[in-house]
Amino acid sequence: MNVNQRVTETQQDKLAWGALWALVIGFFMILLDSTIVSTAMPAIMKGLDTDINGVIWVNSAYLLAFAVPLLITGRLGDRFGPRTIYLIGLIVFTAASLWCGLAPDITTLIVARVVQGLGASMMSPQTMTFITRMFPYARRGAAMGVWGAVAGLATLVGPIAGGVFVDTLGWEWIFFVNVPVGIIAIWRVLAKVPELPRHSHSFDWLGVGLSAVAMFALVFGIQEGNTHDWGPFIGPIGSWQLIIGGAVLLGLFIWWQGANRAEPLVPLVLFRDRNFSLANIAIAFMGLSITAMSFPMILYLQSVRGLTPTLSALMLAPMAVVAGALAPVVGKNVGKIEAKYFAIPGFFLFGASITVYGLMLRADTPFWLLLLPPVFMGLGSAMIWPAVSLTATRDLGQADAGAGSGVYNTTRQVGAVLGSALIALMMESRIAVESEKAVAALAADGPASVVSGSLAEPGTGAAVPEFLHQAFSLALGQALLLPGIVAMAAALLAALFRKGARSN
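What you are looking at is a predicted structure, and each value in this text was computed from that prediction instead of being measured.

Definitions and limits used
- Residues numbered from 1 in each chain as written.
- Predicted model: local features only at pLDDT ≥ 70, side-chain atom pairs only at ≥ 80, totals over all residues.
- Heavy atoms only, no water.
- Helix = DSSP H or I, 4+ residues; strand = E, 2+ residues; numbered from the N terminus.
- Contact = heavy atoms within 4.5 Å.
- Areas by Shrake-Rupley, 256 points an atom, 1.4 Å probe, with all protein chains shown as cover.
- Salt bridge = Lys/Arg side-chain N within 4 Å of Asp/Glu carboxyl O.
- Buried < 20%, exposed > 50% of the residue type's maximum accessible area, 1.4 Å probe, protein only.
- Phe/Tyr/Trp six-rings, centres within 6.5 Å; stacked < 30°, edge-to-face > 60°.
- Lys NZ or Arg CZ within 6 Å of the ring centre and 35° of its normal.
- 1 Å grid on protein atoms, 1.4 Å probe; cavity = no way out; pocket = protein on both sides within 12 Å on 5 of 7 lines; lining within 4 Å.
- Points joined across faces, edges and corners; volume = space filled by probe spheres on them.
- Nonpolar A, V, L, I, M, F, W, Y, C, P; charged D, E, K, R; others polar.
- Core = buried A, V, L, I, M, F, W, Y, C linked by side-chain atoms within 4.5 Å.
- Patch = residues over 30% accessible without salt bridge, like charges linked within 9 Å, V, L, I, M, F, W, Y side chains within 5 Å.
- Expected span 1.5 Å × (residues − 1).
- Arc of directions from axis to C-beta.

**Q** Summarise the overall build of the protein; cite the residues concerned and give the values.
**A** What the protein contains, in helices and strands, is 18 helices and 2 strands. Here the analysis covers contacts within the protein between residues at least 6 apart in sequence; of these, 85% occur between residues at least 24 apart. Looking at the protein as shown, the accessible area adds up to about 21000 Å², and 69% of this sits on carbon and sulfur atoms.

**Q** Break down the pattern of salt bridges for me, with residues and values.
**A** For the coordinates displayed, the defined rule picks out 3 salt bridges. For arginine 430, the salt bridge goes to glutamate 434, with nearest N and O atoms at 3.8 Å. On the criterion of helical spacing, the pair formed by arginine 430 and glutamate 434 is a turn pair, its members being 4 residues apart in helix α16 (residues 398–445). Residue glutamate 434 is classed as buried on the basis of its relative accessible area of 8%. Linked through salt bridges whose partners overlap, the residues forming this network are Arg430, Glu434 and Lys437.

**Q** Quick rundown of the packing of aromatic side chains? Include the residues and the values.
**A** Counted by the stated rule, this structure contains 5 aromatic pairs. When the ring of tryptophan 173 is compared with that of phenylalanine 176, the centres are 5.3 Å apart and the planes differ by 80°; the resulting orientation is edge-to-face. One end of the pair is tryptophan 173 and the other is phenylalanine 176, both in helix α7 (residues 173–176) and 3 residues apart, which spans about a single turn. Relative accessible area serves as the criterion here: at 36%, tryptophan 173 is assigned to the partly exposed category. Lying over the aromatic face of tryptophan 187, arginine 188 brings its terminal NZ or CZ to 4.6 Å of the ring centre. Sitting above the plane of the phenylalanine 367 ring, arginine 305 keeps its charged end 4.2 Å from the centroid.

**Q** Go over the layout of surface pockets, please, and point to the residues and values.
**A** Take a probe with the size of a water molecule and roll it over the atoms, and the empty space left behind shows itself. One number sums up the size of the second largest pocket: a volume of about 700 Å³. Lining the second largest pocket are 24 residues, with Leu250, Ile254, Phe271, Thr411 and Val414 positioned closest to its centre. Tallied by class, residues from the lining of the second largest pocket come to 17 nonpolar, 7 polar and no charged.

**Q** Which residues make up the nonpolar core, and what values go with them?
**A** Within the largest apolar cluster, 139 residues are counted, with the highest numbers of intra-cluster contacts made by Leu109, Phe295, Phe347, Phe350, Tyr357 and Val388. The residues touching valine 388, leaving out its near neighbours within four places in the chain, are Ala279, Ala282, Ile283, Ala343, Phe347 and Tyr408.

**Q** Requested: an account of a nonpolar patch on the surface, with residues and values cited.
**A** Taken together, the side chains of Trp240, Ile244, Val248, Leu252 and Trp255 define a hydrophobic patch exposed on the protein surface, amounting to about 570 Å² of accessible area. Along the chain, isoleucine 244 turns up in helix α10 (residues 239–259).

**Q** Summarise helix α3 (residues 70–80); cite the residues concerned and give the values.
**A** Summarising burial for α3: 9 of the 11 residues are buried, a large majority. Within the span of α3, buried status applies to Leu70, Leu71, Ile72, Thr73, Gly74, Arg75, Leu76, Gly77 and Asp78. Downstream of α3 by a residue or two, glycine 81 has a phi angle that is positive, lying close to 100°.

**Q** I'd like to hear about unusual backbone geometry, residue by residue, with values.
**A** Notably, aspartate 49 is not glycine yet its phi reads approximately 55°, a positive angle. If you trace the backbone, aspartate 49 turns up in the loop between α1 (3–47) and α2 (52–67).

**Q** Please give an account of α10 that cites residues and values.
**A** For α10, with 21 residues, the first-to-last C-alpha span of 30 Å sits near the 30 Å given by 1.5 Å per residue. Every buried residue of α10 is listed here: Ser239, Leu242, Ile243, Gly246, Phe253 and Gln257. Buried residues along α10 cover an arc of 95° about the axis, so they all sit on one side. Turned more than 90 degrees away from the buried face of α10, the exposed residues are Ile244 and Trp255.

**Q** So what about the side chain of threonine 410? Which residues, and what values?
**A** In this fold, threonine 410 is placed in helix α16. Looking at threonine 410, the relative accessible area reads 7%, which means it is buried. Among residues more than four places away in sequence, those in contact with threonine 410 are Ala67, Leu70 and Leu71.

Here is the structure:
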């Protein structure tokens, strides 16, 4: 290698790292926004006078709008340039954040979160595109390490930052803070991120439409069904009809992906690889579990135990700290030892810890005891992410790696969307049942009028009456059994991973 070649490589390396550091500002922001909201949900419920179902839609709307377009926004980057699509997404996300903070009611906030999710879906795939196309293979691992560390930091900082903002400035500032950060991110992208060559792609608009309508019908049917007693709530269409219709449309989407000879959104040939198929189901289970577990925990700590948003976030911080500390260690060793031997105990530890946490929830559970399960959640989480990611793509080969990565990330987001909808259903139904039991028991001991005005709307932003503390604790603990059992079920999928990782 001559001197000129070394200088050129040094310049390219400097350009690549400068672009990456500019891009991860926005990447950090969209991941932070996925976690910062959970701590503020009780405050949003109170501030906008809504119930559990309404505030869960604040999260579900964002996740749904984030997940559905992911299959096509990566190709938009190839067609029009990843820098251009990233910047458009960043501007949309930043403007929508301001809109969220100014929202006067829950409906406006949900609509603004949809726009936010669309912006995030345009940004997320472009970051991976830049890493793949700007870093040579020998240095790509270091770049992915930075990318992963930023994701871990966002997971840790999000809930704590949310608690601080809610305690000091109000829930609106969990969105307002994105505006100055977004402006800085736009400036750095314009200054540091280069234009990359563009590639022509055809767009499967029918596939986009089928997948979007199917996901919306499934999520809306699941999340709203209990609110409307599983009866009609959109004209003659009921919740069960929506769920069944969504499942049928999902089946049509899968059929169309196989029939489309041009350029399908999801190349079904990828699923001929057993490891890829199992890893996608497993990561969907993980997305469901990690999304579904946080709100019952936060609601219990704030509404029942009376902790501030900051303190409630710190009660869950051991999970993020342990996961962040151990993930690099696991990442270095997951290629040397069969990935399944990390994934199996990881899923079991993660799911069992959530289940134990749920079974522990009582109105007077000692706080020190509640700090223990998150430690093991963090340990399990650190073992899951690198092991399942490696398993998903290791046998696909270079030609299919990009498509496989896109499908894998979409599957994870779809799991998160379903987790948000299902946990709303679980919490509402269990709170209603346990609250009725508590009211009946209290009424049997005295006049029903004593409590008739205290149970106006279980699960609203108002403080939970003391006589309902135990009922709420039991109900939220029962809701946590859903993500716990789903995560442990993923351990069975990991046990079926095929051995024999590729070396390339």
